[in-house]
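One-letter residues, chain by chain:
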Amino acid sequence: MLTATYTLVALSVEHASVRLSLLSFQKYVRSTLMHQNSITLSQLEYACENLNSLYQACHWRKTEMYLIPALREATERADQLLDELNRLNQSALLSIRMLQEKLGSLADVREDQVNLICDSIETFCSSLLKRLEKEEQELFAIARNAIAGETWFSIANQLMMHDKHLEEMKRAGLVPVAAVEAAKPKAVAARNLAGSLRVVDDGQISIPGLQVLPVISVEESEAQAAPAPQVRSTRQLPAMK
């Protein structure tokens, strides 16, 4: 069980990084946007870009790529919980889509719409935070008891190879996001073997920098959210299932 313990600790560390980023963005929204009478288009674009990055980071966590597929193979005991986790995921995704639909059609968001937008962002953050909590408190417990020792060894090896490949890419001079892009074939191949590959709407794989998810401070957020010309993001979101 030492391998299982090592693996779950490693996954918890990744959870902590994503959770901190979600909480940081949630704090920014509560301390700034919620107190405004209007939201500029640049602020809305900034919010959508951050929500998309946070969603992708959650979507491509090692728990999703390696642990959940192994658990599905090992037992049906987690099926109900996995369905609940997926509903939380869909709730977060719908919140992003609602905000993205507003881009391009609004010069700025007035008071009567500020609450709606902030509520959507709050729903997004709360849904993913609740998912992370359920994974650590319930999913990990089921996995520890249901997954066999040799499978834990395989998962641990996948995690180490994942990290090793990213480090090699970074040492080769790639910036964090580019390093993950270069690592895509290995991550996608591993997920294919696990039977749990997900693709974005245009058929391309999108994997963010899992180990380097930026923590958004309130000060940095306020500076970045100040009205300024911005290039619209064309990044696609994963297709809903």
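Before any of the text, the structure's been laid out above.
Residues numbered from 1 in each chain as written. Predicted model: local features only at pLDDT ≥ 70, side-chain atom pairs only at ≥ 80, totals over all residues. Heavy atoms only, no water.

**Student:** Would you take a moment to explain helix α2 (residues 41-59) for this structure?
**Tutor:** Counted at 1.5 Å a residue, the expected span for α2 with its 19 residues is 27 Å, and the 26 Å between its end C-alpha atoms agrees. The element α2 is largely enclosed, with a buried count of 17 among its 19 residues. (Helix = DSSP H or I, 4+ residues; strand = E, 2+ residues; numbered from the N terminus. Expected span 1.5 Å × (residues − 1). Buried < 20%, exposed > 50% of the residue type's maximum accessible area, 1.4 Å probe, protein only.)

**Student:** What exactly am I supposed to notice about the pattern of salt bridges here?
**Tutor:** Working definition: two side chains of opposite charge can pair if their charged atoms are close together. Tallied over the full model, the rule gives eight salt bridges. For E122, the salt bridge identified is with R30, shortest N-O distance 2.4 Å. Here E122 is found in helix α5 (residues 111-146), whereas its partner R30 is found in helix α1 (residues 2-31), with 92 residues between them in sequence. A salt bridge links R131 to E64, with the shortest nitrogen-to-oxygen separation between them at 2.5 Å. Separated by 67 residues along the polypeptide, R131 in helix α5 and E64 in helix α3 (residues 62-74) bring together distant segments of the chain. Accessibility expressed as a relative area gives 5% for R131, which makes it buried. With a relative accessible area of 2%, E64 lands in the buried category. Among the ionic contacts, a cluster of salt bridges with common partners joins R61, E64, R131 and E135. (Salt bridge = Lys/Arg side-chain N within 4 Å of Asp/Glu carboxyl O.)

**Student:** How should the environment of N37 be read in this particular structure?
**Tutor:** With respect to the helices, strands and loops of the structure, N37 is situated in the loop between α1 and β1 (39-40). Sequence separation of N37 and Q113 is 76 residues, and the distance between their C-alpha atoms is 9.2 Å.

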